[in-house]
Structure formats: structure tokens, C-alpha cells
Amino acid sequence: MKIFNTAIALLTLGNLTAQTVSFTPIQNPSFATFGMETKQLADVDNDGDLDLFATGMDTLYNKHSFVYFNDGTGHFTTSSDTVFSNVDRSDAVFGDVNNDGYKDLLLIGFDDSYTKIANLYLNDGTGHFQQDTTVPFLGVHQGSIGLADFDLDNDQDVIISGNDFNGNPNTRLYRNDGNGGFSLIPNTTIDSVHYSSLDFADIDNDNDQDLVISGINTQGNIITKLFLNDGNGVFTFDNSNDFVGIYFGKVTFFDYNNDNSSDLLVVGDTNGIGGIASLLYVNDGNGNFSLVSNTPFFGAKFSNVAVGDITNNGFNDVFIAGDTTLNGDYNVQLFLNNNGNYNLLSPYPFANINYSSAIFGDIDNDGDLDAVVSGAGSNYNPQTQVYINNLITAGITNKKNEKQLFIYPNPATNFTNIDFSLFQDSFDVVTISIFSLEGKLVLKQKVRPQKHTLQIDNLSQGTYIISVKNTKQEIKGILFKL
């Protein structure tokens, strides 16, 4: 494990008047020459940086699944593990399912023997995995999986949706006993879907995880539906919101206008005969959504979406790629968010490749989001590239009056203190948010501006970014959880 200095790197953002966005590609010879269909970032070996798991197919249609270890600078080497099923038409997610502090892996897809799988791989803490063959999960492909604490008992429950062994749409929920033992939750009201996508967020601020799911259901209907959680893992369809149904697409919760509520982006095929959509719905904070008009996003099917604040201005930027016509015409773009208004970034900073997909994460631990981008280059040869963010922020106002944020103890185990009582401004309320290096919000609290103790015993080991903000500014610090 890396030894962390107790000095904290601070990222202070005031009124940003200009940003320069540029990325430097890093050569990674260890990356196999296959199209990375599924990519996930997580610190699997507990050394404080983000590693990479990927699946896909090569030019000879051979399937692959690999873990790549990060050296902390964005250079990756291939793990010796061969335990993973080689799959395509896949999805994967990391999470600590047995509460041992290590990132385990759940994988679905179509394997070498043309079997639809849903496999759980347990991490020993060094980034080496062993399959847990006792889980009761339904094998699927052309689907999605998710981990979330449905029932607020401090463990990760599972949802799996996709095309099952009979070729039918299926969605199943599984409750975790806290030790990684799972049981099927029967008689849920959630639609069985395939060609699906799903995501979780607390959309109505009642401190539980609600669910959005899209795809084609058993009646043949193309849906995007929101299901509200009662806090016990019982989900009820929310018929007060009406979203455009999509499949072969992506549904993603994120806060687009920086109001501390989860908005929704829906991208995908709406009817199978040329209809495509890319729609942003804003949340009023109580779970009521309305369509945002005049966004520059383009509709796409077989789409990939990545969201993250790559400019560190406090607003989430959006990457979209996918087919834009029935003929397979393709587009890929990155949209920068300036105060809730999106603008196309030109020139596009990554290699303009077909069948492109991206994932954002702080790969080199410098406090900004980098990217892993894959796709098909010339002659449709698969390629994958890591791009390091060279964030340059100009025009920070009031630099003379920068405020300080103190985080201690750091590294921390069960709790840490945030002392921002030296702020010169008198704020009524500030919002403390903790994000993983992948940019995922894992904790949020509103507090008075004075020393505050954060309980972090439920966080997995790793590196996190702490954001403290009010309406005037945002200050970020780094937390190391042991």
C-alpha cells in the first residue's frame, strides 16, 4: 500500500472565467488489441489509484476479460488472473458485496460457450479475484446490472436485467445478507426488460436509492420508468413522471445544474425504425422531472454516455457516442457545462474513432478527471487509449482571500473532521459531498459552517474527494480512507 503524506492537496474554485481543456495520450502496450465494450474503474489492489476492468472482442471475434493494474500515473499492466469469463454483450460493476473493504466484481454477458452468465468475483484485497459459485444470479446478456443498498442495512444488494436463457426480458432483485450471501426478492413490480440500462439515485431526498430502468419489456413496449424506493427495498412505479422510452441506450442520473439533486439523461433508440433521442430531465429536488429544452445533445442508439466534471468548475460535463441513423452513421462529442448550459467542445480532444466509448476517472491522482477511450480505428482495428487531463484554470477571482479547508485525521478509518470555521464569509448552510475517484457521489450532508465530524466507516478503503460548497464557492480536499 502507498504511504500517504498527511498534507492535504486543496483544489479551490471561485468564479472561473476561463478554462483550457487538453488531454495527453499515454501509451499502454499492455492493452490487448480488442474493442473494450465494457469498462469499469476501481481501486482493486488498494494502492490508492484506479485500476481498470474491461471486456470485449478482438478482430477474430474472440472474447476477452481483463483486469489492468494502474501504477498511479495512468500506465497499466495486465493482471495474471484468468478467472474471469470471456464475454461480450456485457456489463460489469464493482462493489464491496461481503463488507471486507475490497472491491468485488459482478459480470454479465455471453461467454465462449454461448452461455449467458451472471458471475460474482470476490477480491482478496490485492486485486486478485476468485469466483463465488454459490450466488443465485440469473445469467443474462444485452442487459445491465447494478449494486445499491436497497434496504438501508449497509450492504450492497443486486439488480440484474437482460435477455435470459429463454431469450426473454427479465429483471431480478437480490437481497444481500451482509456477508455476500444473496436471496431473490420475489414479486417485484419492476418491469422485466432486455436491451436495458439502469441507474440509482436518491431523487426525492428521502435518503434511499430510487431506480430508473429502460429497455424492451415483456409486452414489447419500449420503456423508461422511475421506481421509488420505500427504504425497505420495495419499489413502486412513479406514474407522475413521463420519460421517453429507449432501448440500446443509456439512462444516467447526475446533477447537471449543481443544485444538489439528481437529474436524468436518457439516450437511445425510441422505436427501432430510426427514432433516436438524447433528452435531459431536470429534477426539482422532490422527484418531479421536467424536460430541459434546447440542449445541444444528439440522439444516438448503441450509445455510450460518460458524465463528469472534467473542468473542475463544479458542473458535470457529458460525453455521448453512438449510431445516429439506421445506416450506422456515427457521432461522438464532448459537451462542456458552463453554469448549467452545455456547449460542444471543439476540437474534440480524443481520437475520433468509430464505436467509441469512454469512462472518466482520476487515473493519475492529481484531482481532475482523466479518460479511458476505446473504439475502432482505421480498418476497424480495435484501440484503447488513456488520456491524462492537463487541467489549466485561468481567471480565479478573489485569490487573495482564498479560504482553507482542514481535514483530520487523514488518513482516517471510522471518522474524520472537517474544520472550515476559518472561512471569512458567514454562510447559513454548506453542503459537504464525498466523491469516489470515479466521480460517484457516496455521501452528502448539509451542515452549519463550523467543525463537523463525518462518519466514514461505511466507505470502502481508498481515496476520495471531499467538496465543501455554498452558493459562492467550492473548496475540495482529498481524503484517504483506511
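Residues numbered from 1 in each chain as written. Predicted model: local features only at pLDDT ≥ 70, side-chain atom pairs only at ≥ 80, totals over all residues. Heavy atoms only, no water.

**Some remarks on the overall build of the protein**
Within the protein, the regular secondary structure consists of zero helices and 38 strands. Computed over its C-alpha atoms, the radius of gyration of the protein comes to 21 Å, within 12% of the 23 Å expected for a compact globule of 482 residues. Referenced to the eigenvectors of the C-alpha coordinate spread, the extents of the protein come out at roughly 65 × 50 × 50 Å. Split into buried and exposed, the 482 residues of the protein put 58% on the buried side. (Helix = DSSP H or I, 4+ residues; strand = E, 2+ residues; numbered from the N terminus. Rg over C-alpha atoms; globule rule 2.2 N^0.38 Å. Buried < 20%, exposed > 50% of the residue type's maximum accessible area, 1.4 Å probe, protein only.)

**Some details on the nonpolar core**
Residues Ile310, Phe319, Leu334, Phe350, Phe360 and Val373 are the most contacted members of the largest nonpolar core, which totals 19 residues. The element contributing the most residues to this core is strand S26 (residues 330-338), with four residues. Not counting residues within four places of it along the chain, the set of residues in contact with Ile310 comprises Val21, Phe23, Asp317, Leu334, Leu336, Phe360, Leu369, Asn389 and Leu391. One finds Tyr68, Phe76, Leu437 and Ile465 within the second-largest nonpolar core, a separate group that totals 17 residues. (Core = buried A, V, L, I, M, F, W, Y, C linked by side-chain atoms within 4.5 Å. Contact = heavy atoms within 4.5 Å.)

**A closer look at the sheet that holds strand S19 (residues 235-237)**
Taken in spatial order, the four strands line up as S16-S17-S18-S19 in an open sheet, and their pairing is antiparallel. Across the chains shown, the open sheet's two edge strands, defined by having one partner strand only, are strand S16 (193-201) and S19. Between one strand axis and the next, the sheet turns through 25° on average, direction left out of account. Two strands pair when backbone bridges link them, and strand S18 (residues 222-229) and S19 are joined in this way by three bridges, in the antiparallel orientation. (Pairing = 2+ DSSP bridges. Axes fitted to C-alpha atoms, helices over the stretch in contact; angles between N-to-C directions.)

**A word on the confidence of the model for the protein**
A low pLDDT score tells you not to read the predicted coordinates there in detail. The predicted model of the protein has a mean per-residue pLDDT of 88, with 90% of residues at 70 or higher. Note that pLDDT drops below 50 for residues 393-403; the model gives that stretch 20 contacts with residues more than four away or on any other chain. (pLDDT = per-residue confidence, 0-100.)

**Digging into the side chain of Thr416**
Its place among the elements puts Thr416 in strand S33 (residues 415-419). Overall, the relative accessible area of 0% leaves Thr416 in the buried class. At 3.3 Å, the side chain of Thr416 forms a polar contact with the backbone oxygen of Tyr408. Apart from the residues lying within four places of it in its own chain, the contact partners of Thr416 are Ile407, Tyr408, Pro409, His452, Thr453, Leu454, Ile456 and Leu479. (Polar contact = N/O pair within 3.5 Å; in protein donor to acceptor, adjacent residues only side chain to side chain.)

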